Amino acid sequence: MHAQQPASYWTSGAKILTNAWSHGSKFPAQASDRVGEPVELRLNGVSWSGMESSPCVLGGLEKHDARDYLKQIGETMGFNALRIPFAADALLSALQPPLCVDDKLLSGYNKRYTKLSYSEQLSLFIQEAADYGLLVMLDLHRMESKRTQQPSGSVSNVDVMSRAWTKLARELCDATKYWNLFAFDLRNEPFLAHWGKPRDFEATGYAANERWDTVAARLGNEIQKACPRVLVMVEGVAGFVSMPDDASSMLPAVIGEQIIPGIGTWWGENLRGVLKNPVHLDAASDKVVYSPHTYGPSVYNQKQFGASDFPDNLNSIWDQQFGFIAKQGIAPIVIGEWGGKYHDDPDSIYGSKDRIWHGQLLQYIAENRIAGSFYWAYNPTSSDTGGLIWDWYNMEPDQQKVGLLSRLASTKITVQEDSEETDNEEDCSLEQKRRRKSRKPGHA
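Throughout what follows, the structure given in this document is the object of discussion. A quick note: this is a predicted structure, and the numbers were derived from the prediction, not measured. (Residues numbered from 1 in each chain as written. Predicted model: local features only at pLDDT ≥ 70, side-chain atom pairs only at ≥ 80, totals over all residues. Heavy atoms only, no water.)

**As for the environment of A366**
Turning to step 1, where the next piece is worked out: Looking at the element boundaries, A366 is found in helix α8 (residues 353–367).
Turning to step 2, where the next piece is worked out: Residues A366 and L408, 42 residues apart in the sequence, show an inter-C-alpha distance of 6.9 Å. (Helix = DSSP H or I, 4+ residues; strand = E, 2+ residues; numbered from the N terminus.)

See below:
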């Protein structure tokens, strides 16, 4: 295997490894240093949304300092990673901060974020997350923060995606400042795309510019050229795609594979195309991680949830959709989104099924070489899943969900305070704040 850069993350079979910290090590290290022996990384993460949609601000920042939430997520709840969705148009806007950012939501508790460009906000947030032992994965969740023109789920605008990822890879690659930025999630739920090459695009109805495995390879290669230390996360496709002029038609989203009968496939869940057409990167063979999404009956009552053998039928479905990748050691699997209401609802047609589904997936993650997952979502305002806290103001945890997720394997990232601190004042400079909280990771 080729030599890794400082603060690198890479794969070995179904495992994710890193040299960003090691037993007894101190970091940040100088760029010329190699940091310790590799450590296996097990991710127990959560998504925190808000920057991907107008007003383009992380949820809850009008109620509390971002650091209050980070402390709760990393220190109180015990998660070790965050998935942060963003919008391409906000990142690439000629006007910075972009129009979608509402500074009024930041002016009360997070003044240090006001007047910053969109990418500067991401930069500061990543550094503050490190102070609480949290790794960060960025997720290109939307092309447009208001979603007015470009259809959700399309990958036809690869040039825009390329510009967005190249910009972030160049700006956020510094191994000392951003050691905890570990992965780029290339595109959220590309459900209009397909995987593999059909015999004849025109005759079959597939769109040549919606072939996700080749788009993912192009984006991954461009990211690796600009920032070779990070991982590239590739989500799955849907179960089927529709022809543009016939929404009722159903073409298998994976070329050469039939739609699995009797089940529903979540957007982003279908990674069956990896078996015949894995995503290959030119410069590195150990940087691709596959990241399916899967949900329970409180989000949508898929056919499999009504089967007579539920929940025993779920494992074979997950095996077919994505689990085989980890089981065969092709690459790591990190479930990029999963979740639901979880709580029993006697008035719901789902009854206790969502709780049962949660338990089944938790066991599947533990027993099938899954490298980690990101629960959706921290935000209490997520309408179809609920959050890990009941409301922004009180920050009261949903103890049942948090307790459940605490059972997942998780690499502990300890942080050490520097001995010198300055006063915690809102009007001090950003650099003073960075010196005040210049913490260093270790491994426990």
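**Some details on unusual backbone geometry**
Turning to step 1, where the next piece is worked out: With omega at -5 degrees, the peptide bond leading from Q96 into P97 counts as cis.
Turning to step 2, where the next piece is worked out: For P97, the position within the fold is in the loop between α2 (88–92) and α3 (118–130).
Turning to step 3, where the next piece is worked out: Omega for the bond connecting W376 with A377 falls within 30 degrees of zero, at 5 degrees, which places this linkage in the cis form.
Turning to step 4, where the next piece is worked out: Within the element layout of this structure, A377 appears in the loop between β13 (372–375) and α9 (399–405).
Turning to step 5, where the next piece is worked out: Phi at E189 takes a positive value of approximately 40 degrees, unusual for a residue other than glycine.
Turning to step 6, where the next piece is worked out: Locating E189 in the fold gives a position in the loop between β7 (181–185) and α5 (201–204).
Turning to step 7, where the next piece is worked out: Here M395, not a glycine, exhibits a phi torsion of approximately 55 degrees, which is positive.
Turning to step 8, where the next piece is worked out: In this fold, M395 is placed in the loop between β13 and α9.
Turning to step 9, where the next piece is worked out: By relative accessible area, which is 12% here, M395 ends up buried. (Buried < 20%, exposed > 50% of the residue type's maximum accessible area, 1.4 Å probe, protein only.)

**Points about the side chain of N110**
Turning to step 1, where the next piece is worked out: Relative to the helices and strands, N110 resides in the loop between α2 and α3.
Turning to step 2, where the next piece is worked out: With a relative accessible area of 0%, N110 lands in the buried category.
Turning to step 3, where the next piece is worked out: Within polar-contact distance, the side chain of N110 engages the backbone oxygen of L61 at 2.9 Å.
Turning to step 4, where the next piece is worked out: Beyond its immediate sequence surroundings of up to four residues, N110 is in contact with L61, H64, D65 and A66. (Polar contact = N/O pair within 3.5 Å; in protein donor to acceptor, adjacent residues only side chain to side chain. Contact = heavy atoms within 4.5 Å.)

**Considering the pairing of β13**
Turning to step 1, where the next piece is worked out: Residues G372 and F374 line one face of β13 and the alternating positions S373 and Y375 line the opposite face, and both faces are buried.
Turning to step 2, where the next piece is worked out: Alignment of strand β4 (residues 43–47) against β13, held across four bridges, turns out to be parallel. Along β13, the bridge assignment pairs G45 with F374.
Turning to step 3, where the next piece is worked out: When strand β12 (residues 334–338) meets β13, the two strands line up parallel, connected through three bridges. Following the sheet pairing, I335 is matched in β13 by S373. (Pairing = 2+ DSSP bridges.)

**A short note on the side chain of S373**
Turning to step 1, where the next piece is worked out: Relative to the helices and strands, S373 is located in strand β13.
Turning to step 2, where the next piece is worked out: For S373, a relative accessible area of 1% gives the class buried.
Turning to step 3, where the next piece is worked out: Discounting residues that sit within four places of it in the chain, S373 has contacts with L43, N44, G45, V334, I335, W338, I365 and L408.

**Observations concerning the packing of helix α1 (residues 66–76) against α3**
Turning to step 1, where the next piece is worked out: Between α1 and α3, the least distance of the axes is 10 Å, while the angle of their chain directions is 40 degrees. The orientation of α1 relative to α3 falls into the category oblique. You can see that α1 and α3 cross each other, and the crossing is right-handed. Mapping the contact onto sequence places A66, R67 and L70 in α1 and F125, E128 and A129 in α3.
Turning to step 2, where the next piece is worked out: Partitioned by chemical class, the residues of the contact of α1 with α3 number four nonpolar, no polar and two charged. (Axes fitted to C-alpha atoms, helices over the stretch in contact; angles between N-to-C directions. Parallel < 35°, antiparallel > 145°, perpendicular 65-115°, else oblique. Left-handed = near helix turned anticlockwise from the far one by under 90°. Nonpolar A, V, L, I, M, F, W, Y, C, P; charged D, E, K, R; others polar.)

**Side note on the sheet that holds β13**
Turning to step 1, where the next piece is worked out: Read across the open sheet, the eight strands follow the order β11-β8-β7-β6-β5-β4-β13-β12; overall the sheet is parallel. The strands lining the two open edges of the sheet, one partner per strand, are β11 (288–290) and β12. Within the sheet, the average angular offset between the axes of one strand and its neighbour, ignoring direction, is 25 degrees.

**Brief notes about the environment of E75**
Turning to step 1, where the next piece is worked out: Considering the arrangement of structural elements, one finds E75 in helix α1.
Turning to step 2, where the next piece is worked out: For E75, a relative accessible area of 42% translates into the label partly exposed.
Turning to step 3, where the next piece is worked out: Separated by 58 residues in the primary sequence, E75 and G133 place their C-alpha atoms 7.9 Å from one another.

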